[in-house]
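Fold and contact review
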Amino acid sequence: MKRRLLPLLFAFLALPLTGCPTQKDADEGQAGPPPGTTLRLIVVEDPSLAQSIGYLQSEWKAQSGVALVIETVAQEEFDPGTAPDADVVIAPSWLLGAACEAGWVVPMPEKVIQNDENNWPDIFSLIRYQEITWKGKPMAVPFGSPAPVLYYRPDLLKEAGQRAPATWKEYEEVVASLKAPAVAEPLAEGWAGLTLLARAANYATHPDNLSTLFRIDTMEPLIGGAPFVHALEKMVRSSDAASLEMDPAAVRAAFWQGKVAMAITWPTAADEAIADIKPEFPAGVVEIPGSPGVYDVGEATWEKRDRESDGRVSTLGVAGRVGMVTKQSPWPEPALQLLLWLTNQKWGSQVCSQSPATTLFRESSVGGVSAWVEAPMPDEAAQDYGEAIASALGRRQCMSALAIPGRPRYLAALDAAVRAAVTKEKTPEEALQQAAQDWRKITEELGVDKQKAAYRASLGLK
């Protein structure tokens, strides 16, 4: 990016962002900040991302004339319901909903979304139209959002007369045909519930239903219903007890250490713990399986999907990071330009790939996917991943993993249910009925009407 381009973009962004400068202001060039201006950036729960942004502080100031101060904050110390004392906040993508409900996020200007110079159409469609929106309106700049994928060893699957599974039924068959432990899944606390949502998305997301996790009219939990029970029953049959201690990083390590033949996780260049591993086996990466069957919650029946569908439905919000401009900022134009600059085609791979909670989010990055994956991953498997994530984040249907206030509480209850079922303390149905009861109480405590409004907004409804 040429050094003169940022001031010109400040002028371009001034009117749509603030909504108040006059034509006279624009004509007199009063769009950019005065000399000595400093932007304050808060990065929530991601020191690696904050560090990678810090490497570009001098470059940003040289190009824009605006200084940058970066502060890292733990997730438990950040309250999205209170307006932060900052110009920009980069946070887990699921916090966008709570921040928007609190009213401190500046909406994305329409001219930025429509302007090809900012390469907005290059961003994967599910990110553009779903994850960064609230009430259907774009509210943030994406830094990348992983969707779980399936790592597999083609050599071991071939020996067992199998291939990479395309459906959960095939997945069970592959697991049954392999020597234990065959598969690793992230079922540790904080991850078990998210893994169930990823496995259940294809069963629970019907093209005619907006209600997936809750009924949109009453906020009655649906987590104890048929599609989630079915998914948990399958998880119990195929999961190994060791997975109960694994997060996505531990799952990745188990795979590259040759301990399992398949693994549900996602790649990241930020995983330094396994950087020295040099696997002596081939590897492949595909989207996690789908299913030809889908549950219609309106009719309370199972149906078959259209023949054109491969039965896969992506889950958003498993991890991911987004950048938001705050209404407290006196300089929203350069604040937004900072976010666009950090995520553009030049700097995006360098900055965002250093976070374990992000992944590539642009079509143009698929060709350079090696910048986003861990060192042990062979080039061919990396290309597999590029194609898999482009497909997963380019689909029409998705399920959002609780992008509403109270998410940590809802997920903690779901974690407990999944782990109780996997350890055989409860049947899948009993465990999820308990989770539904817990969700009902959480919703009542937070306010049914408030939560209903937030859930509808997360689905793009006003």
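This text goes with the structure placed above it.
To start, this report covers the structure provided alongside it. What you see is a predicted model, and the numbers here were worked out from it, not measured in a lab. (Residues numbered from 1 in each chain as written. Predicted model: local features only at pLDDT ≥ 70, side-chain atom pairs only at ≥ 80, totals over all residues. Heavy atoms only, no water.)

Attention shifts here to the sheet that holds strand 14 (residues 321–325). Ordered by their spatial adjacency, five strands build an open sheet running 2-1-3-14-6, and the pairing between neighbours is mixed. With partners counted over all chains shown, the strands left at the sheet margins are strand 2 (67–73) and strand 6 (141–142), one partner each. Relative to strand 2, strand 1 (residues 38–44) is paired through seven bridges, and the arrangement is parallel. Residue pairing in the sheet places Leu41 in a bridge with Ile70 of strand 2. (Pairing = 2+ DSSP bridges. Helix = DSSP H or I, 4+ residues; strand = E, 2+ residues; numbered from the N terminus.)

A few words on the nonpolar core. If you look at the biggest cluster of nonpolar residues, it comprises 149 residues, and the most contacted ones within it are Leu213, Ile223 and Met324. For this core, the leading source of residues is helix 10 (residues 192–204), giving nine residues. Contacts of Met324, omitting those with residues within four sequence positions, involve Asp87, Val88, Val89, Ala91, Leu96, Ala99, Trp104, Val105, Met139, Ala140 and Leu339. (Core = buried A, V, L, I, M, F, W, Y, C linked by side-chain atoms within 4.5 Å. Buried < 20%, exposed > 50% of the residue type's maximum accessible area, 1.4 Å probe, protein only. Contact = heavy atoms within 4.5 Å.)

Where helix 11 (residues 226–238) contacts helix 16 (residues 407–422), the axes come no closer than 9 Å and their chain directions differ by 45°. Relative to helix 16, the element helix 11 is oriented oblique. Relative to helix 16, the crossing made by helix 11 is right-handed. Facing helix 11, whose interface residues are Leu232, Met235 and Val236, helix 16 presents Ala417, Val418, Ala421 and Val422. Per-class residue counts for the contact of helix 11 with helix 16 are seven nonpolar, no polar and no charged. (Axes fitted to C-alpha atoms, helices over the stretch in contact; angles between N-to-C directions. Parallel < 35°, antiparallel > 145°, perpendicular 65-115°, else oblique. Left-handed = near helix turned anticlockwise from the far one by under 90°. Nonpolar A, V, L, I, M, F, W, Y, C, P; charged D, E, K, R; others polar.)

Take the sheet that holds strand 10 (residues 284–287) next. The strand order across the open sheet formed by four strands is 8-9-7-10, and the pairing between neighbours is mixed. Strands at the two margins of the open sheet, each flanked by one partner only, are strand 8 (183–184) and strand 10. Where strand 8 and strand 9 (residues 262–265) come together, two bridges link them in parallel fashion. Following the sheet pairing, Ala184 is matched in strand 9 by Ala263. In the packing of helix 15 (residues 379–392) onto the sheet, contacts are made with strand 7 (149–152) and strand 10, and the angle to strand 10 comes to roughly 5°.

Turning next to helix 9 (residues 168–177). Looking only at helix 9, the buried set comprises Trp168, Tyr171, Glu172, Val174 and Val175. Considered in projection along helix 9, the buried side chains sweep an arc of 160° and stay on one side of the axis. Across from the buried face of helix 9, at angles greater than 90 degrees, the exposed residues are Lys169 and Ala176. If you follow the buried residues of helix 9, they end up packed against strand 7, helix 8 (154–159), strand 8, helix 10, helix 11 and strand 9. (Arc of directions from axis to C-beta.)

Attention now moves to the packing of helix 10 against helix 11. Close contact between helix 10 and helix 11 brings their axes to 8 Å; oriented N to C, the two are set at 130°. Judged by the inter-axis angle, helix 10 sits oblique to helix 11. Taken as a pair, helix 10 and helix 11 cross one another with a handedness that is right-handed. Together, Thr195, Leu196, Leu197, Arg199, Ala200, Tyr203 and Ala204 of helix 10 and Pro227, Phe228, His230, Ala231, Leu232, Lys234, Met235 and Ser238 of helix 11 make up the contact between the two elements. Of the residues belonging to the contact of helix 10 with helix 11, the class tally is 10 nonpolar, three polar and two charged.

For the structure on display, the rule yields 17 aromatic pairs. With centroids separated by 6.3 Å and ring planes inclined at 85°, the aromatic side chains of Phe361 and Trp372 adopt a geometry described as edge-to-face. Placement of Phe361 in the loop between helix 14 (348–352) and helix 15 and of Trp372 in the loop between helix 14 and helix 15 is noted, with a sequence separation of 11 residues between them. Trp372 shares its class with Phe361; the two are buried. Following the ring pairs from residue to residue traces out a cluster consisting of Tyr151, Phe255, Trp256 and Phe281. (Phe/Tyr/Trp six-rings, centres within 6.5 Å; stacked < 30°, edge-to-face > 60°.)

Any functional reading would require information beyond the geometric quantities listed.
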